[in-house]
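Here are the chains, one letter per residue:
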Amino acid sequence: MSSMEVENDQNDVWIFGYGSLVWKADFPYEEKRTGYVKGFLRRFYQNSIDHRGTAEQPGRVVTLMRSNDSESKVWGMGYRIANKDKHQVLQHLDHREKNGYERHSVRFYPFPWSQQQLNDPQPILLYVATQDNPSFAGHNDELETIAEQILISAGQSGRNPEYVYKLAEAMRLLYPGEEDDHLFELEKILLKRDQTGTEGDINRSELSKEG
């Protein structure tokens, strides 16, 4: 089912969060469910000129890249949006992700198994940055280069390093033992170089619009 067909039917819709939406959703939802999508890699290949940077000094946030491995997993959070709220929420997310992201419909795999929540794979919408959008930063930068950009960037939602720390923290909490080498290696580089520390970041995130 395409993104448009999912939006236009009369059922609830699922939204997949793999960045700041993992730990903080700023829209109404009926339930949230841990799980993953297949065939993608999470990468810090998108510039942020609003939430985690400015036009003059862009930050870096995540997008998804197609993987050569169809079984490659990106772990995140699925949110079920009631049909009555669907139009409003999708409009909100379209605006929020206006800086180069497009909607796609993929399959969501709930995990771990639950007696209280659904376990069957579901169609789900997610936002992926197009590689021809003006804020796409490319996919050739080394992690050291990405870290240098992140360390000096901040936007309306706070310091850019906070975004990395919160995402890595959420992944370890929700999916202990699962590895995301790109994310965890970037976090390690930042923690070695970041002179500000994480305490202020964590407090700031409670007030953040974006997470």
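Calculation notes
- Residues numbered from 1 in each chain as written.
- Predicted model: local features only at pLDDT ≥ 70, side-chain atom pairs only at ≥ 80, totals over all residues.
- Heavy atoms only, no water.
- Buried < 20%, exposed > 50% of the residue type's maximum accessible area, 1.4 Å probe, protein only.
- Helix = DSSP H or I, 4+ residues; strand = E, 2+ residues; numbered from the N terminus.
- Arc of directions from axis to C-beta.
- Contact = heavy atoms within 4.5 Å.
- Phe/Tyr/Trp six-rings, centres within 6.5 Å; stacked < 30°, edge-to-face > 60°.
- Lys NZ or Arg CZ within 6 Å of the ring centre and 35° of its normal.
- pLDDT = per-residue confidence, 0-100.
- Polar contact = N/O pair within 3.5 Å; in protein donor to acceptor, adjacent residues only side chain to side chain.
- Core = buried A, V, L, I, M, F, W, Y, C linked by side-chain atoms within 4.5 Å.
- Axes fitted to C-alpha atoms, helices over the stretch in contact; angles between N-to-C directions.
- Parallel < 35°, antiparallel > 145°, perpendicular 65-115°, else oblique.
- Left-handed = near helix turned anticlockwise from the far one by under 90°.
- Nonpolar A, V, L, I, M, F, W, Y, C, P; charged D, E, K, R; others polar.
- Pairing = 2+ DSSP bridges.

*Asks:* Whenever I open this one, helix 3 (residues 143-151) confuses me. Can you help?
*Replies:* Think of an α-helix as 3.6 residues a turn; residues three or four steps apart then line up on the same face. Every buried residue belonging to helix 3 is among I146, A147, Q149 and I150, and all of these are buried. Projected onto a plane normal to the axis of helix 3, the buried residues spread over an arc of 160 degrees and lie on a single side. Residues of helix 3 that are buried sit in contact with strand 3 (40-48), strand 4 (59-66), helix 4 (160-174) and helix 5 (181-193).

*Asks:* Before we go on, may I ask you to explain the packing of aromatic side chains in this structure?
*Replies:* Each pair of aromatic rings is reported with the distance of its centres and the angle of its planes. Counted by the stated rule, this structure contains 12 aromatic pairs. Considering the side-chain rings of W75 and F111, the 5.4 Å spacing of their centres and the 65 degrees angle between planes classify their relative orientation as edge-to-face. With W75 in strand 5 (residues 73-81) and F111 in the loop between strand 6 (101-110) and strand 7 (122-129), the pair connects residues that are 36 residues apart, well separated along the chain. A residue is classified by how much of its surface remains accessible, and F111, at 40% relative accessible area, is partly exposed. One aromatic cluster is present, formed by Y36, W75, Y109, F111 and Y175 through successive ring pairs. In this structure, K38 packs its charged tip against the face of Y109, placed 4.6 Å from the ring centre. Above the face of the Y36 ring, K73 is positioned so that its terminal group lies 5.2 Å from the ring centre.

*Asks:* What's the story with the confidence of the model for the protein chain in this structure? I'm lost.
*Replies:* Of all residues in the protein chain, 89% attain a pLDDT of 70 or more, and the chain-wide mean is 90. For the protein chain, the element scoring lowest by mean pLDDT is helix 6 (residues 199-205), at 46; strand 5 scores highest, at 98. Considering only residues more than four positions removed or in separate chains, one finds that residues 202-209, a stretch of pLDDT under 50, has 17 contacts.

*Asks:* Sorry if this is basic, but what is going on with the side chain of R96 here?
*Replies:* Position of R96 relative to the elements: it lies in helix 2 (residues 83-96). For R96, a relative accessible area of 9% translates into the label buried. Only 3.3 Å separates the side chain of R96 from the side chain of E97, close enough to count as a polar contact.

*Asks:* Got a minute to help me understand unusual backbone geometry in this structure?
*Replies:* For the bond running from F111 to P112, omega is -5 degrees, close enough to zero to count as cis. Secondary-structure assignment places P112 in the loop between strand 6 and strand 7.

*Asks:* What's the story with the nonpolar core in this structure? I'm lost.
*Replies:* As a rule of thumb, nonpolar side chains are buried together in soluble globular proteins. Among the nonpolar cores identified, the biggest contains 51 residues, and F16, V37, F44, M171, L183 and L186 are the most heavily contacted of them. With 7 residues, helix 4 is the single largest residue contributor to this core. If we ignore the near neighbours within four places in the chain, the residues touching F44 are R60, V61, V62, I146, I150, Y163, V164, L167, H182, L183 and L186.

*Asks:* How should I be thinking about the packing of helix 3 against helix 5 in this particular structure?
*Replies:* Packed helices, taken two at a time, are described by their axes: the angle between them and the distance between them. Between helix 3 and helix 5, the least distance of the axes is 10 Å, while the angle of their chain directions is 55 degrees. By the criterion of interaxial angle, the relationship of helix 3 to helix 5 is oblique. With respect to the hand of their crossing, helix 3 and helix 5 are arranged in right-handed fashion. For the pair formed by helix 3 and helix 5, the contact residues are L143, E144, I146, A147, E148, I150 and L151 on the first element and H182, E185, L186, I189, L190 and R193 on the second. Tallied by class, the residues present in the contact of helix 3 with helix 5 amount to 8 nonpolar, 1 polar and 4 charged.

*Asks:* I keep staring at the pairing of strand 2 (residues 31-38) and nothing clicks. Help me out?
*Replies:* Side-chain direction in a regular strand flips from residue to residue, so the side chains alternate between the two faces of the sheet. In terms of residue burial, strand 2 counts as a mostly covered element, since 6 of its 8 residues are buried. Inspection of the sheet shows strand 2 paired to strand 5 by 8 bridges, in the antiparallel sense. Residue pairing in the sheet places R33 in a bridge with G78 of strand 5. Inspection of the sheet shows strand 2 paired to strand 6 by 3 bridges, in the antiparallel sense. Across the sheet, the residue bridging to V37 is F108, located in strand 6.

*Asks:* What am I meant to see in the packing of helix 4 against helix 5 here?
*Replies:* Direction vectors running N to C along helix 4 and helix 5 enclose 130 degrees, while the axes themselves pass 10 Å from each other. In terms of orientation, helix 4 and helix 5 fall into the oblique class. In terms of crossing hand, the pair formed by helix 4 and helix 5 is left-handed. Across from P161, V164, Y165, L167, A168, M171 and R172 in helix 4, the residues of helix 5 making contact are L183, F184, L186, E187, L190 and L191. Of the residues in the contact of helix 4 with helix 5, the class split is 11 nonpolar, no polar and 2 charged.

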